[in-house]
Amino acid sequence: MVVEKKIVIEKKENVKRIINPMNDIFFMKQAILEAEKAVEKNEVPIGAIIVCANRIIARGHNLTESLTDVTAHAEIQAITSASNFLNSKYLSDCILYVTLEPCFMCAGALFWSHISRIVYGCRDEKKGFSSYTPSILHPKTMLTEGILEDECSCLIRDFFKTKRSHNNSEY
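Keep in mind that this is a model prediction, so the values were computed, not measured.

### Let's talk about the packing of aromatic side chains
Phase 1: Here the structure, examined in full by the defined rule, presents 4 aromatic pairs.
Phase 2: With centroids separated by 5.2 Å and ring planes inclined at 70 degrees, the aromatic side chains of F26 and F27 adopt a geometry described as edge-to-face.
Phase 3: Since its relative accessible area comes to 43%, F26 is described here as partly exposed.
Phase 4: With relative accessibility at 5%, the residue F27 sits in the buried group.
Phase 5: Relative to W112, the ring of F111 has its centre 5.1 Å away and its plane inclined at 90 degrees; by these criteria the two rings are edge-to-face.
Phase 6: Note on F111: relative accessible area 26%, which makes it partly exposed.
Phase 7: Counting every residue linked through ring pairs, the aromatic cluster contains F26, F27 and Y97.

The structure is reproduced here in structure tokens:
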């Protein structure tokens, strides 16, 4: 696993490729739009998209409350949708953009999908996979963190602040 903060150059198979930060920003903004859909459904605002050949092929947002399913995380929704779109369980030429660092469960699913790159907005200090075992990702998976970090963390912070102000003990 390769971890870089706001990477500018990516190494893959001994070839250096300049990463256009505007693409990462554009695609993270799309993940943020998915997170905003979750808020509309009273779900924790986490959004994810999967990109293949610079095209969004899958979108997902948290649906754990709506589906009464603890596995209905944004990443899992996006992985399932991308796999269906590509008719393949492997996403080796794809990039996941997600607003919050994936949890241990989602990181395991991403390992099995062989996704080539994961880009997340903000760290999850309590439940993020890197707090437990950063080596859970596939060895070829590249990791980029901190894209639109303030916007992504603000979504989560504001959501829980609103929940607490309404005395909703569920969160």
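Past the structure itself, the notes keep going.
### Structural notes on the pattern of salt bridges
Phase 1: Enumeration according to the criterion identifies 5 salt bridges in this entry.
Phase 2: Between E125 and R123 there is a salt bridge, and its shortest N-O distance comes to 3.8 Å.
Phase 3: Given the relative accessible area of 57%, E125 is considered exposed.
Phase 4: Residue R123 is classed as partly exposed on the basis of its relative accessible area, which comes to 33%.
Phase 5: It is possible to trace a salt-bridge network through shared partners that takes in E34, K37 and R59.

### A few points about the side chain of R117
Phase 1: Among the structural elements, R117 can be located in strand β7 (residues 117–122).
Phase 2: Relative accessible area serves as the criterion here: at 2%, R117 is assigned to the buried category.
Phase 3: A polar side-chain atom of R117 sits 2.8 Å from a polar atom in the side chain of D24.

### Considering the side chain of S83
Phase 1: Among the structural elements, S83 can be located in helix α2 (residues 74–86).
Phase 2: Classification of S83 by relative accessible area gives buried; the value is 15%.
Phase 3: Setting aside chain neighbours within four positions, we find S83 in contact with S88, K89 and L91.

### Some details on α2
Phase 1: Compared with the 18 Å implied by 1.5 Å per residue over 13 residues, the 18 Å span of α2 between its first and last C-alpha is a close match.
Phase 2: For α2, the secondary structure elements touched by its buried residues are β4 (47–52), β5 (55–61), β6 (94–100) and α3 (104–113).

### Quick word on the nonpolar core
The tendency in soluble globular proteins is for nonpolar side chains to be buried side by side.
Phase 1: Grouped together as the largest cluster of nonpolar side chains are 42 residues, with contacts concentrated most on M28, I50, L96, Y97 and I115.
Phase 2: Where this core is concerned, the elements lending two or more residues are α1 (21–40), β4, β5, α2, β6, α3, β7 and α4 (149–165).
Phase 3: Counting residues per element, this core draws most heavily on β6, at 6 residues.
Phase 4: Among all residues touching L96, those that are not within four sequence positions of it are A48, I49, I50, E75, L110, I115, R117, I118 and V119.

### Thoughts on a positive patch on the surface
Phase 1: Judged by side-chain charge, K126, K127, R157, K161 and R164 come together as a positively charged surface patch.
Phase 2: The topology assignment puts R157 in helix α4.
Phase 3: We classify R157 as partly exposed; its relative accessible area is 48%.

### Considering the environment of F111
Phase 1: Residue placement: F111 occurs in helix α3.
Phase 2: In sequence terms F111 and L137 are 26 residues apart; their C-alpha atoms lie 4.9 Å from each other.
Phase 3: Ignoring sequence-local partners within four residues, the contact set of F111 consists of I136, L137, H138 and P139.

Rules behind the numbers
Residues numbered from 1 in each chain as written. Predicted model: local features only at pLDDT ≥ 70, side-chain atom pairs only at ≥ 80, totals over all residues. Heavy atoms only, no water. Phe/Tyr/Trp six-rings, centres within 6.5 Å; stacked < 30°, edge-to-face > 60°. Buried < 20%, exposed > 50% of the residue type's maximum accessible area, 1.4 Å probe, protein only. Salt bridge = Lys/Arg side-chain N within 4 Å of Asp/Glu carboxyl O. Helix = DSSP H or I, 4+ residues; strand = E, 2+ residues; numbered from the N terminus. Polar contact = N/O pair within 3.5 Å; in protein donor to acceptor, adjacent residues only side chain to side chain. Contact = heavy atoms within 4.5 Å. Expected span 1.5 Å × (residues − 1). Core = buried A, V, L, I, M, F, W, Y, C linked by side-chain atoms within 4.5 Å. Patch = residues over 30% accessible without salt bridge, like charges linked within 9 Å, V, L, I, M, F, W, Y side chains within 5 Å. Areas by Shrake-Rupley, 256 points an atom, 1.4 Å probe, with all protein chains shown as cover. Lys, Arg positive; Asp, Glu negative; His and termini not counted. Charge placed at Lys NZ, Arg CZ, Asp CG, Glu CD.

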